[in-house]
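Summary of the model geometry
As a plain string of letters, each chain reads:
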Amino acid sequence: MGFFKKLSGPVLYKDSFEMKNQLEDLNRLHEQACEETKKLIFQDMRLLQYGNQGEENVVFELMNSFMPMLVLRDLQLGYEDQTAQIDFVVITRKLVFVIECKNLFGNIEVINTGDFIRTLEFGGKKRCEGIYSPITQNRRHLEIIKAIRKEDKGNILLKMMFEKHFEENYKSIIVLANEKTVLNFNKANKGIRDQIIRNDQLIAQIKKLNALSDNEPNNDKYMYDLAESFLRYHQPKRKV
């Protein structure tokens, strides 16, 4: 890209249209479906709207951070036979943040293995259930990003250096966007606790990790080039 906006604050470099398209498709199906099927489609629509609201809350925090950053929302990355749907990649001066947004309902406990246990209450009775760990999910996202970025390096020495310093440059953040969710991670180790935050703590965490980083700040061109490198691997879902 030849021209770009000078970074004096946050720029939403890639927004999400896929979720809007999915809602439109579901709405059309809802209008044509029988009554029984309409109930199931309506549930899917509610869940999609709920997830979208969580992401919108994250966008609000990022766009009001006053930090020079590029925000890429809803990246569908593909590499060889692997795919990943990443809620946010945020490129700052020193670090890149891979953010998984969870708008979870119920009370959440995180244990020392990183597993998430949700407690729901119905009619005065409590029910516990395990849910897929966003820690594990985001770790997989990071591995795909590592493979993609390593592939772009020109020679074996650059590839080795990139892999050696990857964890210093790319950070995982799990954002719990539902303010009503009760979070208990007292049993989790520090490495896991440091990755899980509430929505209103997001900018403070990004600023803290940038301040702790020994990396030299990157210039605008590098940040835009990095954003473009992610977009080259973006594979939007095709409508059928």
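Preceding this section is the structure that the text describes.
Here we summarise the structure given alongside this text. If you're wondering where the values come from, they're calculated on a predicted model, not measured in any experiment. (Residues numbered from 1 in each chain as written. Predicted model: local features only at pLDDT ≥ 70, side-chain atom pairs only at ≥ 80, totals over all residues. Heavy atoms only, no water.)

Brief notes about unusual backbone geometry
As a rule of thumb, non-glycine residues mostly have phi less than zero, and peptide bonds are mostly trans rather than cis. Worth spelling out the cut-off: Partly exposed describes any residue whose relative accessible area lies between the buried limit of under 20% and the exposed limit of over 50%, with all areas from a 1.4 Å probe on protein chains only and scaled to the type maximum.
You will see that Asp74, though not glycine, has its phi angle at about 60°, which is positive. The phi angle at Glu80 is positive, at roughly 55°, despite the residue not being glycine. Relative accessible area serves as the criterion here: at 69%, Glu80 is assigned to the exposed category.

Digging into the sheet that holds strand β8 (residues 170-176)
Formally: At least two DSSP bridges between two strands are required for those strands to pair. What counts as a helix is a DSSP run of H or I of at least four residues, what counts as a strand is a run of E of at least two, and both are numbered from the N terminus. Interaxial angles span 0 to 180 degrees and are taken between N-to-C directions of axes, which are lines fitted to C-alpha atoms, for helices over the stretch in contact. Contacts: residue pairs with any heavy atoms within 4.5 Å of one another.
Reading across from one edge, β1-β2-β3-β4-β8-β10 is the order of the 6 strands in this open sheet, with mixed pairing throughout. Pairing within the sheet leaves two strands with one partner each, and these edge strands are β1 (10-14) and β10 (196-198). The average undirected angle you get between the axes of adjacent strands in this sheet is 35°. When strand β3 (residues 82-91) meets strand β4 (residues 96-102), the two strands line up antiparallel, connected through 4 bridges. Residue Ile91 lies in a different strand from β4, and its bridge partner there is Val96. Lying over the sheet, helix α6 (residues 202-212) contacts β4, β8 and β10, oriented at roughly 165° with respect to β8.

Details of the pattern of salt bridges
Convention followed: Throughout this description, the term salt bridge denotes a Lys or Arg side-chain nitrogen within 4 Å of a carboxyl oxygen of Asp or Glu.
According to the stated counting rule, one finds 14 salt bridges in the structure shown. The shortest N-O distance in the salt bridge between Glu129 and Arg118 comes to 2.9 Å. Residue Glu129 is located in strand β7 (residues 125-131), and its partner Arg118 is located in strand β6 (residues 116-122); the two are separated by 11 residues in the primary sequence. Classification of Glu129 by relative accessible area gives partly exposed; the value is 23%. Overall, Arg118 belongs to the buried group, its relative accessible area being 11%. The partner of Lys190 in a salt bridge is Asp194, with the nearest N and O atoms 2.7 Å apart. Among the ionic contacts, a cluster of salt bridges with common partners joins Asp15, Glu55, Glu56 and Arg73.

Points about the packing of aromatic side chains
What counts here: Each pair of aromatic rings taken from Phe, Tyr and Trp, with Trp reduced to its six-membered ring, is defined by centres within 6.5 Å and is described as stacked if the planes are under 30 degrees apart, edge-to-face if over 60, and tilted in the remaining cases.
Counting across every chain of the model gives 4 aromatic pairs. Ring centres 5.6 Å apart and planes at 65° place the aromatic pair Phe162 and Phe166 in the edge-to-face group. Of this pair, Phe162 and Phe166 both sit in helix α4 (residues 156-169), 4 residues apart, which is roughly one turn of that helix. When the centroid spacing of 4.6 Å and the interplanar angle of 10° are considered together, the rings of Phe166 and Tyr170 count as stacked. In this structure Phe166 comes out as buried when scored by relative accessible area, which is 3%. Using a relative accessible area of 7% as the deciding quantity, one classes Tyr170 as buried. Feature note: the residues Phe162, Phe166 and Tyr170 constitute an aromatic cluster, connected by ring pairs.

Quick word on the packing of helix α3 (residues 134-151) against α4
Definition in use: Comment on the angle field: the value is read as roughly parallel under 35 degrees, roughly antiparallel over 145, roughly perpendicular from 65 to 115, and oblique elsewhere. For any helix crossing, the convention is left-handed if the near helix is rotated counterclockwise from the far helix by under a right angle, and right-handed if that rotation is clockwise. Nonpolar residues are Ala, Val, Leu, Ile, Met, Phe, Trp, Tyr, Cys and Pro. Charged residues are Asp, Glu, Lys and Arg, and all others, Gly as well, are polar.
α4 packs onto α3 with a crossing angle of 155° between their chain directions and a minimal axis gap of 9 Å. The orientation of α3 relative to α4 falls into the category roughly antiparallel. The element α3 and its partner α4 pack so that their crossing is right-handed. Here Leu142, Ile145, Lys146, Arg149, Lys150 and Glu151 of α3 lie close against α4, whose contacting residues are Lys159, Phe162, Glu163 and Phe166. In terms of residue class, the contact of α3 with α4 is built from 4 nonpolar, no polar and 6 charged.

Remarks on the nonpolar core
The test is simple: Among buried residues, those of type Ala, Val, Leu, Ile, Met, Phe, Trp, Tyr and Cys that are joined through side-chain atoms within 4.5 Å constitute a nonpolar core.
Counting residues in each nonpolar core, the largest one holds 27 residues, and the members touching the most others are Leu70, Val89, Ile91, Ile145, Tyr170 and Phe230. Broken down by secondary-structure element, the contributors of at least two residues to this core are β1, β2 (69-79), β3, β4, α3, α4 and α7 (220-232). Those residues within four positions of Val89 in sequence are excluded, and the remaining contacts are Leu70, Val71, Leu72, Leu75, Val96, Phe97, Ile145 and Phe230. Core analysis: the second largest hydrophobic core is formed by 20 residues, Met67, Val175, Leu202 and Ile206 among them.

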